[in-house]
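Letter by letter, the chains look like this.
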Amino acid sequence: MCFSPPIRRTKLHNAYGPDTGLYSTGFKLRRNISLEYCQAVPDSLEGRLNIDLEATLQSGPPPDLQDVLPGGTWSPKSCIARQRIAIIIPFRDRQKHLDILVYNLVPVLKRQNLSFQVVVVEQYGNKTFNKGRLMNIGFTEARKHDEFDCFIFHDVDLIPEDDRNMYTCSENPRHMSPAVDKFNYTMLYKSLVGGVLSFRGKHFTKVNGYSNLFWSWGAEDDDMHTRLSASKLSVERPSITIGRYTMIKHDRKDVSKVRLGLLKTSITRYLKDGLNTLEYKMVETRLEKLYTRMIADVGDPP
């Protein structure tokens, strides 16, 4: 199984501003040159959304998602998408949450007139979870199959509440989820970059991806903030009224016992711990209803 073949194209760049996250990368497709670029902010956006946390996909995608190709790929037919987006979701053992997320997220991506692929990176086996490695794997594997302009790392339990929060990349990395219902729609601390985070490929490479060393729950996102600061990359955010998410309730997993110690070494370690030291084995890739499922063996915890 593989991704859909890449479209040959030439990049054009225009900046639209941090609140919507529009670093508008237009393309001239070498075919169908009569099409115009899609609107930077489409008229089809609805604003604040009604979230259905009980949705499932057991009987197949809803009718308005039938035109999404197996593997979770879609592009607008009436205009040229300004960016090609990879949504990367690290995952294990939370299928209902994944169903709820894609049921709600994919219609948003379509209304935003984005060319996208949803990639679920699932950890193989029952060993301790390593979210950072899964996100690095998703980035690495996605780039083998298409020329993505933007990579959005997305927690499986966060559902967007407003489709004006554009799933695109800006001039700088963009923390898209500053306001979560569980925390009364306030940021817990200024350096927070967890939840939903978008990167241009060159910036993710510059910070050397996520750390591979954080096993169990917590702190790989705080380590990422240090990487961003050390790389002199500022973080953009939408306004609190736009960047709103509903968190699906779930039991917290075991917290990493060494996370605080690792955070103390982030700034001296980041160039030698990340994409350039990533080791894994691909077990299987499946094209499913609304996403590509990649199952990877991330190795053994220490």
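For clarity, every value in this text was computed on a predicted model and none was experimentally measured.

Thresholds applied
- Residues numbered from 1 in each chain as written.
- Predicted model: local features only at pLDDT ≥ 70, side-chain atom pairs only at ≥ 80, totals over all residues.
- Heavy atoms only, no water.
- Pairing = 2+ DSSP bridges.
- Helix = DSSP H or I, 4+ residues; strand = E, 2+ residues; numbered from the N terminus.
- Expected span 1.5 Å × (residues − 1).
- Buried < 20%, exposed > 50% of the residue type's maximum accessible area, 1.4 Å probe, protein only.
- Polar contact = N/O pair within 3.5 Å; in protein donor to acceptor, adjacent residues only side chain to side chain.
- Core = buried A, V, L, I, M, F, W, Y, C linked by side-chain atoms within 4.5 Å.
- Contact = heavy atoms within 4.5 Å.
- Right-handed = clockwise from strand over helix to strand, strands pointing away.

(A) Main features of the sheet that holds strand β9 (residues 179-180). What the three strands build is an open sheet, ordered β7-β11-β9; its pairing is mixed. Either end of the sheet is taken by a strand with one partner, and the two such strands are β7 (158-160) and β9. Taken together, the three bridges between β7 and strand β11 (residues 244-247) define a ladder with antiparallel strand orientation. What sits directly across from I159, in β11, is T246.

(B) Spatial organisation of helix α2 (residues 131-145). Between its terminal C-alpha atoms α2 stretches 22 Å, which fits the 21 Å expected from 15 residues at 1.5 Å a residue. In terms of burial, α2 is a largely internal element, eleven of the 15 residues being buried. Looking only at α2, the buried set comprises K131, G132, R133, L134, M135, N136, I137, G138, F139, E141 and A142. Its side-chain oxygen at 3.4 Å from the backbone nitrogen of G132, N130 defines the N-terminal cap of α2.

(C) Summary view of the nonpolar core. Ranked by size, the top nonpolar core spans 33 residues in total, and within it I87, V118 and Y167 carry the most contacts. At the level of secondary structure, the elements contributing two or more residues to this core comprise β4 (84-91), α1 (95-111), β5 (115-123), β6 (150-154), β7 and β11. Element by element, the count of residues in this core is highest for α1, at seven residues. Setting aside residues up to four positions removed in sequence, I87 forms contacts with L105, L109, Q117, V118, V119, I152, H154 and Y167. Judged by nonpolar contacts, the second largest core, of 26 residues, contains F139, F204, Y210 and M294.

(D) A look at the pairing of β5. Among the nine residues in β5, nine count as buried, and that is most of the element. Every second residue of β5 is oriented toward a common face, with S115, Q117, V119, V121 and Q123 on one face and F116, V118, V120 and E122 on the other, all of them buried. Relative to β5, strand β3 (residues 73-74) runs antiparallel, the two being bridged by two bridges. Bridging from a neighbouring strand, W74 pairs with F116 of β5. Each parallel crossover has a hand, and for β4 linked through α1 to β5 it is right-handed. As judged from the five bridges shared by β5 and strand β13 (residues 292-297), these two strands associate in the parallel manner. Within β13, the position partnered with Q123 by the bridge is A296.

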